Amino acid sequence: MHPPESRSPVQAFVALGANLGDAAQAVRQALLALEHTPGLRLVKASSLYRTAPFEASGPDFINAVAEVATTLHAPALLGALQAIENAAGRERPYRHAPRTLDLDLLFYGDGTIESTALTVPHPRWRQRAFVLHPLAEIAPQRVSAACLSAVADQPIERLTG
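All values derive from a computational prediction rather than experimental measurement. (Residues numbered from 1 in each chain as written. Predicted model: local features only at pLDDT ≥ 70, side-chain atom pairs only at ≥ 80, totals over all residues. Heavy atoms only, no water.)

Considering helix α1 (residues 23-35)
Working step 1: The end-to-end C-alpha separation of α1 is 19 Å, in line with the 18 Å expected for 13 residues at 1.5 Å each.
Working step 2: Among the residues of α1, those classed as buried are A23, A24, A26, V27, A30, L31 and L34. Take α1 and look down its axis: the buried residues cluster within an arc of 165°, on one side only.
Working step 3: Considering only its buried residues, α1 is in contact with β1 (10-18), β2 (40-45), β4 (61-70), α2 (74-87) and β5 (102-108). (Helix = DSSP H or I, 4+ residues; strand = E, 2+ residues; numbered from the N terminus. Expected span 1.5 Å × (residues − 1). Buried < 20%, exposed > 50% of the residue type's maximum accessible area, 1.4 Å probe, protein only. Arc of directions from axis to C-beta. Contact = heavy atoms within 4.5 Å.)

Structure, rendered in structure tokens:
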């Protein structure tokens, strides 16, 4: 097996969200953490977006999507994302609980992964305005007008900075 540094980088997309504490700051800190994680390079990040909880509870969410170039294998990338969540105080008391930080791996190259730990592409990415709008901002080729139209009933507000 090759060390991560010798692998060609893979383009991956990560959805970020938070709705506890200073959610905007949590998302900004997570973007910095992505930049400083070995085996990752932050390529670009969307604006921040505010959305009402979708299939979740609690205060409004702050969301973004980041494109990263990574030399990590998908399971190691998932582990790195979970470590960032844990460092931000992420707890999982129940499904869709309010959260200090949530990082979801949306895409890992053009790969398809189905395991008990990871499914890529993310199985519900097309159903969520909080994923589609920020993704369309940084990778418009990945989001069709039909996808955006299908989530038009989900309120979303683009924030500055």
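Back to the text.
With respect to the pattern of salt bridges
Between side chains of opposite charge, a pair can form when the charged atoms approach closely.
Working step 1: Counted according to the given criterion, the structure contains two salt bridges.
Working step 2: Linking R50 and E157 is a salt bridge whose minimum nitrogen-to-oxygen distance equals 3.5 Å. Pair noted here: R50 is in strand β3 (residues 49-51) and E157 is in strand β8 (residues 156-158), with a separation of 107 residues, a long-range link.
Working step 3: Note that E137 and R158 form a salt bridge whose closest N and O atoms lie 3.4 Å from each other. Here E137, found in helix α3 (residues 129-138), pairs with R158, found in strand β8; they are 21 residues apart in sequence, far enough to count as distant. (Salt bridge = Lys/Arg side-chain N within 4 Å of Asp/Glu carboxyl O.)

A closer look at the environment of E35
Working step 1: You can see E35 is positioned in helix α1.
Working step 2: Along the backbone, E35 and A69 are 34 residues apart, and their C-alpha atoms lie at a distance of 10.0 Å.
Working step 3: Not counting the four nearest positions on each side in its chain, E35 is found in contact with L40, R41 and L42.

Comments concerning the nonpolar core
Working step 1: Counting 32 residues, the largest nonpolar core has L16, L34, L77, L103, L105 and Y108 as the members making the most contacts within it.
Working step 2: At the level of elements, β1, α1, β4, α2 and β5 are the ones that each hand at least two residues to this core.
Working step 3: Among the elements that take part in this core, α1 stands out by supplying seven residues, more than any other.
Working step 4: For L105, the contacting residues outside a window of four places in its chain are A12, F13, V14, A74, L77, L81, L118, T119, V120 and H122.
Working step 5: Counting 17 residues, the second largest nonpolar core, distinct from the first, contains V65, F107, W125 and C147. (Core = buried A, V, L, I, M, F, W, Y, C linked by side-chain atoms within 4.5 Å.)

Some remarks on the environment of T37
Working step 1: Within the secondary structure, T37 is located in the loop between α1 and β2.
Working step 2: Here T37 falls in the buried class, since its relative accessible area comes to 14%.
Working step 3: In this structure, the C-alpha to C-alpha distance between T37 and L77, residues 40 residues apart in sequence, is 9.7 Å.
Working step 4: If near-sequence neighbours (up to four positions away) are discounted, T37 is found in contact with A80 and I84.

Considerations on the side chain of S46
Working step 1: Mapping S46 onto the fold places it in the loop between β2 and β3.
Working step 2: S46 has contacts with A64, V65, P134, E137 and I138, leaving out every residue within four places of it along the chain.

Notes on the side chain of R142
Working step 1: Locating R142 in the fold gives a position in the loop between α3 and α4 (145-150).
Working step 2: Buried charge R142 goes without a salt bridge, the closest partner of opposite sign being D110 at 4.1 Å.
Working step 3: The residues contacting R142, other than those within four sequence positions of it, are Q11, F13, F107, G109, D110, W125 and L135. (Lys, Arg positive; Asp, Glu negative; His and termini not counted.)

So, unusual backbone geometry
Working step 1: V120 connects to P121 through a cis peptide bond whose omega is -5°.
Working step 2: Tracing the backbone through its elements, the reader meets P121 in the loop between β7 (119-120) and α3.

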